[in-house]
Amino acid sequence: MALESRITQEEIKKEPEKPIDREKTCPLLLRVFTTNSGRHHRVDEFARGNVPSSELQIYTWMDATLKELTSLVKEVYPEARKKGTHFSFAIVYPDPRGKAYRLKDIGSTVSGRKGTDDSMTLQSQRFQIGDYLDIAITPPNRAPPLSTRMRPF
């Protein structure tokens, strides 16, 4: 008999988060990897101590929202500032059962538009210090690609 989790994204978002005093709490180093192809990096690109070359290093806190991270990425990539640019966020973390990494989609934002994932925090998605953040950036003139988990047939 198979058991399945009944926890929804809404319940995860509702978990009470401890407020972080940014004046008294030291920020963490967030290693962010971006692509402009609209697709996330492959997890094998993180294997054996390797990482993709498109790294940004951001000092932030666990209560950083996806919208806040979007604005920091837009400061570095002027082409991502266009209204309608789509940012898809995923956490890349080590697989506890082996030496491989896993990728977990956590949400998305759109430049110039309000969205349901804008206020989602790293903490609410169970981000742990040492995990990576992968952001797939899709320009406004292209539709975001189908999820890799969805089959086009």
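As recorded in an unreviewed UniProt entry, the chain goes by the name Histone deacetylase complex subunit SAP18, listed as coming from Lates japonicus. The chain has a UniProt comment under Sequence similarities (unreviewed entry) that states "Belongs to the SAP18 family." Comment text from UniProt for the chain, heading Function (unreviewed entry), reads "Involved in the tethering of the SIN3 complex to core histone proteins."

### Describing the pattern of salt bridges
Between side chains of opposite charge, a pair can form when the charged atoms approach closely. Tallying each qualifying case throughout the model produces 8 salt bridges. Linking Glu68 and Arg22 is a salt bridge whose minimum nitrogen-to-oxygen distance equals 3.0 Å. Of this pair, Glu68 sits in helix 2 (residues 66-76) while Arg22 sits in the loop between helix 1 (9-14) and strand 1 (28-35); the two residues are 46 residues apart in sequence, bridging distant segments of the chain. Of the residues examined, Arg22 reaches a relative accessible area of 30% and is grouped as partly exposed. Across the salt bridge formed by Arg97 and Asp95, the nearest N and O atoms sit 3.8 Å from each other. Judged by relative accessible area, Arg97 falls into the exposed class, the value being 70%. Taken together, the shared-partner salt bridges in this structure form one network comprising Arg22, Asp63 and Glu68.

### What about the side chain of His41?
Looking at the element boundaries, His41 is found in the loop between strand 1 and strand 2 (55-60). A polar contact of 2.5 Å, which involves the side chain of His41, links it to the side chain of Asp134. Excluding residues that lie within four positions of it along the chain, His41 makes contacts with Phe33, Thr34, Thr35, Phe46, Pro52, Ser54, Leu103 and Asp134.

### A few points about the packing of aromatic side chains
The full count for this structure, using the stated rule, is 5 aromatic pairs. Residues Phe46 and Tyr132 carry aromatic rings whose centres are separated by 5.5 Å and whose planes lie at 25° to one another, so their mutual orientation is stacked. Placement of Phe46 in the loop between strand 1 and strand 2 and of Tyr132 in strand 5 (residues 132-138) is noted, with a sequence separation of 86 residues between them. By relative accessible area, which is 10% here, Tyr132 ends up buried. In this structure an aromatic cluster arises from ring pairing among Phe33, Phe46, Tyr101 and Tyr132.

How each quantity is defined
Residues numbered from 1 in each chain as written. Predicted model: local features only at pLDDT ≥ 70, side-chain atom pairs only at ≥ 80, totals over all residues. Heavy atoms only, no water. UniProt positions renumbered as here; feature names shortened; annotations may be inferred. Salt bridge = Lys/Arg side-chain N within 4 Å of Asp/Glu carboxyl O. Helix = DSSP H or I, 4+ residues; strand = E, 2+ residues; numbered from the N terminus. Buried < 20%, exposed > 50% of the residue type's maximum accessible area, 1.4 Å probe, protein only. Polar contact = N/O pair within 3.5 Å; in protein donor to acceptor, adjacent residues only side chain to side chain. Contact = heavy atoms within 4.5 Å. Phe/Tyr/Trp six-rings, centres within 6.5 Å; stacked < 30°, edge-to-face > 60°.

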